[in-house]
Amino acid sequence: GKRKRLNTSVLYDSDESEDSDILVRKVFAKRHCIMDEDESSEEQQPDKTCPAENVSANRKQKVFAKLKELARQRATWRSCSSESCEDSNGEAETEEEPLCHLPLTPTEVSDTDNDSMKDFIVEEEEDDGDDTEHVKSKNQPPQKELHTSNSELLAYYVPHLSRCDHFIHFQRIVKAFLINAIDDTFLSSLYDGTRQKKYAQDMLLSLHYLDDRFIQPRLENLIARSRWKDRYKERVDCYPDVRIILKNPESMSCQACEMNRYCKFNVLLSGKLYNSKTLEADDFMSDDKQVLKVGVVCADRTRIYHNLKHFKYKLYVDCSSVTELDGVEDEPVKDTVERLFSQLEDSGWIQKRYSDLEEYMNDADNFQEEK
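So, here's what we can say about the structure. Just so it is clear, the structure is predicted and the values come from calculations on it, not from any experiment.

**Here we look at the overall build of the protein**
And then number 1: A count of helices and strands for the protein gives 13 helices and five strands.
And then number 2: Looking at the protein as a whole, 30% of its 371 residues are labelled buried.
And then number 3: Looking at the protein alone, contacts between residues at least 24 apart form 70% of all its contacts between residues at least 6 apart.
And then number 4: Carbon and sulfur atoms make up 49% of the accessible area of the protein, which amounts to about 24700 Å² in all.

**With respect to the packing of helix H8 (residues 198-224) against helix H10 (residues 296-309)**
And then number 1: With their axes 10 Å apart at the nearest point, H8 and H10 run at an angle of 160° to one another. It follows that H8 is roughly antiparallel to H10 by the angle criterion. As for how H8 packs across H10, the hand of that crossing is left-handed. Taking contact as the criterion, the partners of Ile215, Arg218, Leu219, Leu222 and Ile223 in H8 are, on H10, Arg301, Ile304, Tyr305, Leu308 and Lys309.

**What to know about the environment of Tyr316**
And then number 1: Residue position: Tyr316 is located in helix H11 (residues 311-326).
And then number 2: The sequence separation of Tyr316 and Leu279 amounts to 37 residues, and the corresponding C-alpha distance is 7.7 Å.
And then number 3: Non-local contacts of Tyr316, meaning those with residues more than four positions away in its chain, are made with Phe177, Asn180, Ala181 and Leu279.
And then number 4: A polar contact is formed between the side chain of Tyr316 and the side chain of Asn180, at a distance of 3.0 Å.

**A few points about H10**
And then number 1: The end-to-end C-alpha separation of H10 is 20 Å, in line with the 20 Å expected for 14 residues at 1.5 Å each.
And then number 2: Considered for burial, the residues of H10 that qualify are Cys298, Ala299, Arg301, Thr302, Ile304, Tyr305, His306 and Leu308.

**A short note on the packing of helix H6 (residues 166-182) against H11**
And then number 1: Orientation of H6 relative to H11, taken along the N-to-C sense of each, is 55°, at an axis distance of 9 Å. One finds that H6 runs oblique with respect to H11. Considering how the two elements wind past one another, H6 and H11 form a crossing that is right-handed. Contacts from Phe170, Ile173, Val174, Phe177, Leu178, Asn180, Ala181 and Ile182 in H6 reach Phe311, Lys312, Leu315, Tyr316, Cys319, Ser320 and Thr323 in H11.
And then number 2: Considered class by class, the residues forming the contact of H6 with H11 number eleven nonpolar, three polar and one charged.

**A few points about the environment of Thr302**
And then number 1: Locating Thr302 in the fold gives a position in helix H10.
And then number 2: Residues Thr302 and Ala256 lie 46 residues apart in sequence; the distance between their C-alpha atoms is 9.1 Å.
And then number 3: Those residues within four positions of Thr302 in sequence are excluded, and the remaining contacts are Trp228, Tyr232, Val236 and Val267.

**Some thoughts on the pattern of salt bridges**
And then number 1: For the coordinates displayed, the defined rule picks out 14 salt bridges.
And then number 2: Of the charged contacts, one joins Lys175 and Glu338 as a salt bridge, the two residues approaching to 3.7 Å between their closest N and O atoms. With Lys175 in helix H6 and Glu338 in helix H12 (residues 333-347), this residue pair connects regions lying 163 residues apart in the sequence.
And then number 3: Judged by its relative accessible area of 35%, Glu338 falls in the partly exposed class.
And then number 4: If you follow the salt bridges from partner to partner, you end up with Asp326, Glu331 and Arg339 in one network.

**Focus on the nonpolar core**
What tends to happen in soluble globular proteins is that the nonpolar side chains get buried as a cluster.
And then number 1: Ranked by size, the top nonpolar core spans 56 residues in total, and within it Val174, Phe177 and Val294 carry the most contacts.
And then number 2: Here this core takes ten residues from H8, the largest share from any one element.
And then number 3: What Val174 contacts, discounting residues up to four positions off in sequence, is Leu315, Cys319, Phe341, Trp349 and Ile350.

**A word on the sheet that holds strand S1 (residues 241-253)**
And then number 1: Strand order across the open sheet formed by three strands is S1-S2-S5, with antiparallel pairing between neighbours. One side of each edge strand has no neighbouring strand; the edge strands of this open sheet are S1 and strand S5 (290-294). Recorded for the sheet is a direction-independent mean angle of 25° between the axes of neighbouring strands.
And then number 2: Sheet topology places S1 next to strand S2 (residues 260-270); ten bridges connect them, and they run antiparallel. Pairing of Ile245 across the sheet is with Asn266, part of S2.
And then number 3: Contacts between H10 and the sheet are confined to S1, S2 and S5, with S2 contributing the most and set at about 25° to the helix.

**Comments concerning the side chain of Ser226**
And then number 1: Residue position: Ser226 is located in the loop between H8 and helix H9 (230-238).
And then number 2: Within the local environment of Ser226, its side chain forms a polar contact with the backbone nitrogen of Trp228, the two atoms lying 3.4 Å apart.

**Here's the deal with the environment of Lys289**
And then number 1: Along the chain, the position of Lys289 falls in the loop between strand S4 (281-282) and S5.
And then number 2: In this structure the C-alpha to C-alpha distance between Lys289 and Ser270, which are 19 residues apart in sequence, comes to 4.7 Å.
And then number 3: Those residues within four positions of Lys289 in sequence are excluded, and the remaining contacts are Leu268, Leu269 and Ser270.

Calculation criteria
Residues numbered from 1 in each chain as written. Predicted model: local features only at pLDDT ≥ 70, side-chain atom pairs only at ≥ 80, totals over all residues. Heavy atoms only, no water. Helix = DSSP H or I, 4+ residues; strand = E, 2+ residues; numbered from the N terminus. Buried < 20%, exposed > 50% of the residue type's maximum accessible area, 1.4 Å probe, protein only. Contact = heavy atoms within 4.5 Å. Areas by Shrake-Rupley, 256 points an atom, 1.4 Å probe, with all protein chains shown as cover. Axes fitted to C-alpha atoms, helices over the stretch in contact; angles between N-to-C directions. Parallel < 35°, antiparallel > 145°, perpendicular 65-115°, else oblique. Left-handed = near helix turned anticlockwise from the far one by under 90°. Polar contact = N/O pair within 3.5 Å; in protein donor to acceptor, adjacent residues only side chain to side chain. Expected span 1.5 Å × (residues − 1). Nonpolar A, V, L, I, M, F, W, Y, C, P; charged D, E, K, R; others polar. Salt bridge = Lys/Arg side-chain N within 4 Å of Asp/Glu carboxyl O. Core = buried A, V, L, I, M, F, W, Y, C linked by side-chain atoms within 4.5 Å. Pairing = 2+ DSSP bridges.

Function-wise, these values are silent; they only describe arrangement.
Shown next, in the form of structure tokens:
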């Protein structure tokens, strides 16, 4: 055994000394370590690095699979989009490579996969002003047509929500009253649905708009904030003519609200009762009059309420007077209405009546409650 140790140490110790046990151990350890390092570096190193590479490769494959799936979904969505979006892909592909920082090798990613990933990345990062303007210019006409169709559907199915200009509504109403002044069955045929042409339906829409949007909500608001009795309201509703006359003040019960007030106004109501839709007057008790004494607040409220309540009838009476003064015979109704309407429009008569309506509505909106 000792000789073996010496033989082993001779390879590294040139002194051949018997006292070289320690050296032999050191040299043997060094030799054994060197052999282990050489052999492990050549044989075992690949075995140690394989698990790390496998984990990294699996992670890369998972990330790439997710990206590939997202790119495939995005490509499906893009196939349904406009052609201008597809034209912008070619320009986008030249700028997107620096955006991808994944350490993927060429063997792991094919050309088709690169294209799909580029499509996916472009949607997140790139914004081409020229292409977006092109898309807007192509999509704008359909959107405009859609809005137009929606407004037409709204006007047809929900006529009270029509977005037509207020003055256009008023002009249609004037034409309808001129026609009815010549043919007294026109308004009744509008309301019973006999006339179905577009011009007639537009006039009916404007009549509803005047009643339901301009007049009736303000009348209800005036009544809701008042202490009027139902009997007084019914009298004001029935008589189209009113005169409010200042008299000597007198402490008494107001005949409108029945509260003790210093009443100094006489309200004189007169005129024929009429149909609120066809505006046909009733001759029954045509000379009947009512005189009521009221206070200051009730007198002001009566004036504002009566102006709005009977505005439509007063407008129709004025239109009838225009047709009676015309004196032209043997002319089609359409031509007569167009000629009279042009005359009224040129003279400012229509604008003046519309301004009166706006003034009445403002008075109703700004009227204060009683203290």
